[in-house]
Structures are given as structure tokens and as C-alpha cells.
Amino acid sequence: MKIFLTGASGFIGKNFISYFDNKFSVDTYKRGSNFEINHEVVVHLAGKAHDLKNTSMDSEYYEVNTNLTKKIYKEFLGSKAKVFILLSSVKAVADSVDGILTEDLTPSPETHYGKSKLLAEQYILSQHLSDSKRFFILRPCMVHGPHNRGNLNLLYKLISKNIPWILGSYENKRSYCSIENLLFIIYEIIHNDNIKSGIYNVADDIPISTNELISIIAKSQNKKAKIFKISKNIIKCIAKIGD
């Protein structure tokens, strides 16, 4: 089976190639180059992710996350490919959630990242799809695994430097998604014709708290977790000093 893959140089793309090595024939797309889809499956991973340093232009999110998706999907519709998989994000729906995030929640993203992802989803949903084709919009939460460069990696570095976590008084639960689970889902989508087109939120089975996560990371480094439960009122007073 031949797969047309975008975003091969990213965190998920690198793991995708490693996971599917010797399983499929994967052709990668370099942004800005000409391309033709002569493949059975299109996996669109390329995107403009969160800018942790806040230096990106707003237009970059729409150019990559929205316009590039439109371009790739148009080619898919005119090709003989049977399956299109878009890697979107839970941020296309909401930036914070009380309770459980389900697929039927009305989207209301607040950031340009989330808005650009939602526009890409809406474009796909607005296009006519023949009965011989299937599309999948996957909305993973924070993905963890080898070569992760996001917020989870920053937390890992903080623990590596023995910097204590001072927000231990805050009890929270959030979902994560392992790269292995995400790639397993993509594999099943490709092979199982009974899985219907649509939008799917993707996460590991059990959400965990930040305190639990810090303890797990510390244990993996043979360190003792340094979690300080400073009064919430003190934390709020300190926060007011910032912007």
C-alpha cells in the first residue's frame, strides 16, 4: 500500500515513518513543492503548531493549517486515493474544558491556532465525498512520545534540573495521547473499511493529574519528585504581580 504523507519532519511524522517502516510505501511531501497523489491513502500531518515563544505571525497559522489542508484535500478528491486522514487538534474545539470533551460539542476556539484548524475541518466537511472514499479528522490531545518538543518536554527539563513544582495544591486531571496509540489508530483506520468517516477525539484511556505526571517523570529519571503544596492564595498573589 502506498501512502502520501505530509509533515514527515515533525515529531509525529518522524514517529509515523518509524512505526510504519516495512509496512507501507511512504512518499513524503515537502512544503512548496509540486506533487501528484497516486496513492491509496493520504495522511496530512503538516501544520503550524503552537508557538511557545509567541513570535509567529497570525497569518502563518491560516496559510499552513487551513490553506495547505484545502490544497491537499482538493487533490485527494480528484485522485484515486480512498482514505484521507487529517491530524487536527482538540484546540479546534476549545482551549479549556469542564468535564469530558466530546465530538458533538460546538467548537469555539480562542487562538489563531485553533481557529485555523477548525476552518480546515469545516472545509473538509463542506465538500462532497464519493461513496468510494473516506475521510477522518483526528483531534488528539497533547501527544507524548520520543522527540516530543512541546510543553511536556519543558516539564521534563524542569524536573531534570531538580526545580520544584510549586503548584501541588492544585488538583487537576487532563488527558494525554501516546504516539503509539495515535499511530495504532491510524493503522486501524487504513485497514478497517468498517470505520466510518467523521471526526474523532483521540486520547489515552486514563487522564492523569500534573502531580501524578511529575511523579512518573521523576521516577523515570531515578529522582524524587519535588512537589510543594503552597497555599493557593499565595500563588494567586504572586500571579497578580505578572501580566
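Computed from a prediction, not measured in an experiment: that's the story for all the values here.

A. Just the sheet that holds strand E8 (residues 198-202), in detail. Reading across the sheet, the six strands line up as E2-E1-E3-E4-E5-E8 and stay open at both edges, with parallel pairing between neighbours. Either end of the sheet is taken by a strand with one partner, and the two such strands are strand E2 (25-29) and E8. In this sheet, adjacent strand axes meet at a mean angle of 20 degrees when their direction is disregarded. Both strand E3 (residues 41-44) and strand E4 (residues 83-87) contribute to a ladder of four bridges, which runs parallel. Each residue of the ladder has a partner; that of Val43, found in E4, is Ile85.

B. The arrangement of the packing of aromatic side chains in detail. The tally for this structure, following the rule as stated, stands at 14 aromatic pairs. Judged by centre distance (4.4 Å) and plane angle (50 degrees), the rings of Phe16 and Phe20 are tilted. The two residues Phe16 and Phe20 agree in class, both being buried. By way of ring pairs, the aromatic residues Phe16, Tyr19, Phe20, Phe24 and Tyr187 are connected into one cluster.

C. Main features of the packing of helix H1 (residues 11-19) against helix H5 (residues 179-191). Where H1 meets H5, the axes come as close as 10 Å, and the angle between the chain directions of the two elements is 65 degrees. In the packing of H1 onto H5, the handedness of the crossing is right-handed. Residues Phe11, Ile12, Asn15, Phe16 and Tyr19 of H1 lie in contact with H5, whose contacting residues are Ile179, Leu182, Leu183, Phe184 and Ile186. Tallied by class, residues from the contact of H1 with H5 come to nine nonpolar, one polar and no charged.

D. Quick peek at empty space enclosed by the protein. Under the defined criterion, the tally for this structure stands at one cavity of 30 Å³ or more. The calculated volume of the largest cavity comes to roughly 60 Å³. Around the largest cavity sit Leu158, Ile159, Asn162, Ile163, Pro164, Trp165, Ile214, Ala218, Lys224, Ala225 and Lys226, which together line it. Breaking the lining of the largest cavity down by element, the ones donating at least two residues are helix H4 (151-160) and helix H6 (210-220). Tallied by class, the residues present in the lining of the largest cavity amount to eight nonpolar, one polar and two charged.

Analysis parameters
- Residues numbered from 1 in each chain as written.
- Predicted model: local features only at pLDDT ≥ 70, side-chain atom pairs only at ≥ 80, totals over all residues.
- Heavy atoms only, no water.
- Pairing = 2+ DSSP bridges.
- Helix = DSSP H or I, 4+ residues; strand = E, 2+ residues; numbered from the N terminus.
- Axes fitted to C-alpha atoms, helices over the stretch in contact; angles between N-to-C directions.
- Phe/Tyr/Trp six-rings, centres within 6.5 Å; stacked < 30°, edge-to-face > 60°.
- Buried < 20%, exposed > 50% of the residue type's maximum accessible area, 1.4 Å probe, protein only.
- Left-handed = near helix turned anticlockwise from the far one by under 90°.
- Contact = heavy atoms within 4.5 Å.
- Nonpolar A, V, L, I, M, F, W, Y, C, P; charged D, E, K, R; others polar.
- 1 Å grid on protein atoms, 1.4 Å probe; cavity = no way out; pocket = protein on both sides within 12 Å on 5 of 7 lines; lining within 4 Å.
- Points joined across faces, edges and corners; volume = space filled by probe spheres on them.

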